[in-house]
Amino acid sequence: IAIVTGGPGAVFWMWVIAFIGTATGFVESTLAQIYKIPRGHGLFHGGPAYYIQNALGQPAVAKLFAVLISVTFGLIYVSVQANTIALSMQKAFGIDTWVMGAVLAILSGAVIFGGIQRVANFSTLLVPVMAGILIAAIIIVLHIDQVPAMFALILHDAFSPQAAVGGGIGTAILTGIRRGLFSNEAGEGSIPNAAATANVTHPVKQGLVQAFGVYVDTWIVCSATAFIVLLTGQYTIGGDTTGIALAQ
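Residues numbered from 1 in each chain as written. Predicted model: local features only at pLDDT ≥ 70, side-chain atom pairs only at ≥ 80, totals over all residues. Heavy atoms only, no water.

Digging into the packing of aromatic side chains
1) Next: Per the counting criterion, the structure on display carries eight aromatic pairs.
2) Next: With a centroid separation of 5.0 Å and an interplanar angle of 85 degrees, the aromatic rings of phenylalanine 12 and tryptophan 13 are classed as edge-to-face. A single burial state applies to phenylalanine 12 and to tryptophan 13, both of which are buried.
3) Next: Among the aromatic side chains, those forming a connected cluster through ring pairs are Phe12, Trp13 and Phe159.
4) Next: Taking NZ or CZ as reference, arginine 179 lies 5.2 Å from the ring centre of phenylalanine 182, over its face. (Phe/Tyr/Trp six-rings, centres within 6.5 Å; stacked < 30°, edge-to-face > 60°. Buried < 20%, exposed > 50% of the residue type's maximum accessible area, 1.4 Å probe, protein only. Lys NZ or Arg CZ within 6 Å of the ring centre and 35° of its normal.)

Have a look at this one:
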């Protein structure tokens with residue numbers, strides 16, 4: 001979506017916002033650890049609502065945040081990802097979207113109701129596959145002679161976007177920032193809710209984990225998808241923006 005909306009240069013601005021996002025990611029996850037609340041049996045809960053209330057002394061804002069983040073997780077994040085998966089399966093195998101939606105609901109429920117430990121264990125298995133790094137690596141090797149030109153295109157278009165990008169450099173920057181933040185969630189206040197549940201010996205350790213996670217998410221995972229799209233040349237600026245269909 002970043003490439004077809006803001007051109008190849010948007011990838012560069014995704015990298016930039018990830019670099020900046022490591023700072024916000026570090027701070028919010030460290031704070032989540034400092035202000036987390038024990039819930040017994042070695043478990044914790046916490047997040048921005050807790051440090052907004054206890055550190056900033058603004059309980060009304062904390063409650064508002066808790067409501068907004070619940071709506072965001074429950075409706076926005078989940079609906080976007082479920083839609084992406086359903087469209088992907090429909091395009092690849094002809095499975096109706098409602099069937100895939102039902103399957104996702106059942107499988108997600110089986111994981112979620114197993115508690116935070118099952119979520120963590122399942123994510124450990126799923127994320128390396130989800131990232132698609134192996135597929136990207138194969139495509140990069142097959143097109144290794146085009147890699148220098150690809151990086152040159154990204155850097156050139158970051159400051160001199162193609163005419164097809166409406167709004168020029170402003171669109172490239174804004175698109176890169178939006179897509180980058182959507183992928184790594186740095187500073188959004190969503191990650192700290194999970195960070196608070198970790199059992200670490202020092203709050204900063206969890207902050208460093210999240211800072212590194214921002215790099216992995218955008219510089220590696222998102223770049224892998226971007227390289228697939230750019231190296232195979234199967235994109236048109238202003239064209240199909242469904243994302244997953246283009247990647248497939």
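Now that the structure has been shown, the text picks up again.
Observations regarding the pairing of strand S1 (residues 37-40)
The side chains of a regular strand alternate, residue by residue, between the two faces of the sheet.
1) Next: Pairing analysis gives three bridges linking S1 to strand S2 (residues 43-45), with the strands arranged antiparallel. Bridging across to S2, proline 38 finds its partner in phenylalanine 44.
2) Next: In sequence, S1 turns back onto S2 through a hairpin of two residues, with histidine 41 there showing a positive phi of about 60 degrees. (Pairing = 2+ DSSP bridges. Helix = DSSP H or I, 4+ residues; strand = E, 2+ residues; numbered from the N terminus.)

A look at helix H5 (residues 97-112)
1) Next: In this model H5 runs 22 Å from its N-terminal to its C-terminal C-alpha over 16 residues, within 8% of the 22 Å that 1.5 Å per residue would give.
2) Next: Burial in H5 covers these residues: Met100, Leu104, Gly109 and Val111. Taken end-on, H5 shows its buried residues confined to a sector of 165 degrees, consistent with a single buried face. Of the exposed residues in H5, those oriented more than 90 degrees away from the buried face are Trp98, Ala105 and Ile106. (Expected span 1.5 Å × (residues − 1). Arc of directions from axis to C-beta.)

Topic: the side chain of glutamate 28
1) Next: Mapped onto the elements of the fold, glutamate 28 is located in helix H2 (residues 9-34).
2) Next: Lacking a salt bridge, the buried glutamate 28 has lysine 36 as its closest oppositely charged neighbour, with an N-O distance of 16 Å.
3) Next: For glutamate 28, the side chain forms a polar contact with the main-chain nitrogen of glycine 187, separated by 3.0 Å.
4) Next: Of the polar contacts made by the side chain of glutamate 28, one reaches the backbone nitrogen of glycine 189; its length is 3.3 Å. (Lys, Arg positive; Asp, Glu negative; His and termini not counted. Salt bridge = Lys/Arg side-chain N within 4 Å of Asp/Glu carboxyl O. Polar contact = N/O pair within 3.5 Å; in protein donor to acceptor, adjacent residues only side chain to side chain.)

With respect to the environment of threonine 30
1) Next: Locating threonine 30 in the fold gives a position in helix H2.
2) Next: As for threonine 30 and threonine 218, which are separated by 188 residues in sequence, their C-alpha atoms are 20 Å apart.
3) Next: Leave out the neighbours within four places in its chain, and threonine 30 touches Pro203, Val204 and Gly207. (Contact = heavy atoms within 4.5 Å.)

Here we look at unusual backbone geometry
1) Next: Positive phi, close to 60 degrees, is recorded for glutamate 185, a residue that is not glycine.
2) Next: Inspection of the secondary structure assignment puts glutamate 185 in the loop between helix H9 (169-184) and helix H10 (191-195).
3) Next: The class of glutamate 185 is buried, set by a relative accessible area of 17%.

Considering a nonpolar patch on the surface
1) Next: Together, Phe19, Ile20, Ile133, Trp219 and Ile220 make up an exposed nonpolar region whose accessible area comes to about 480 Å².
2) Next: Of all elements in the fold, only H2 and helix H11 (203-232) reach the threshold of two or more residues within the nonpolar patch.
3) Next: For isoleucine 133, a relative accessible area of 37% gives the class partly exposed. (Patch = residues over 30% accessible without salt bridge, like charges linked within 9 Å, V, L, I, M, F, W, Y side chains within 5 Å. Areas by Shrake-Rupley, 256 points an atom, 1.4 Å probe, with all protein chains shown as cover.)

With respect to the confidence of the model for the protein
1) Next: Taken over all residues, the pLDDT of the protein has a mean of 88, while the share at 70 or more is 97%.
2) Next: Mean pLDDT across the elements of the protein bottoms out in helix H12 (residues 244-247) (74) and peaks in helix H3 (residues 48-54) (94). (pLDDT = per-residue confidence, 0-100.)

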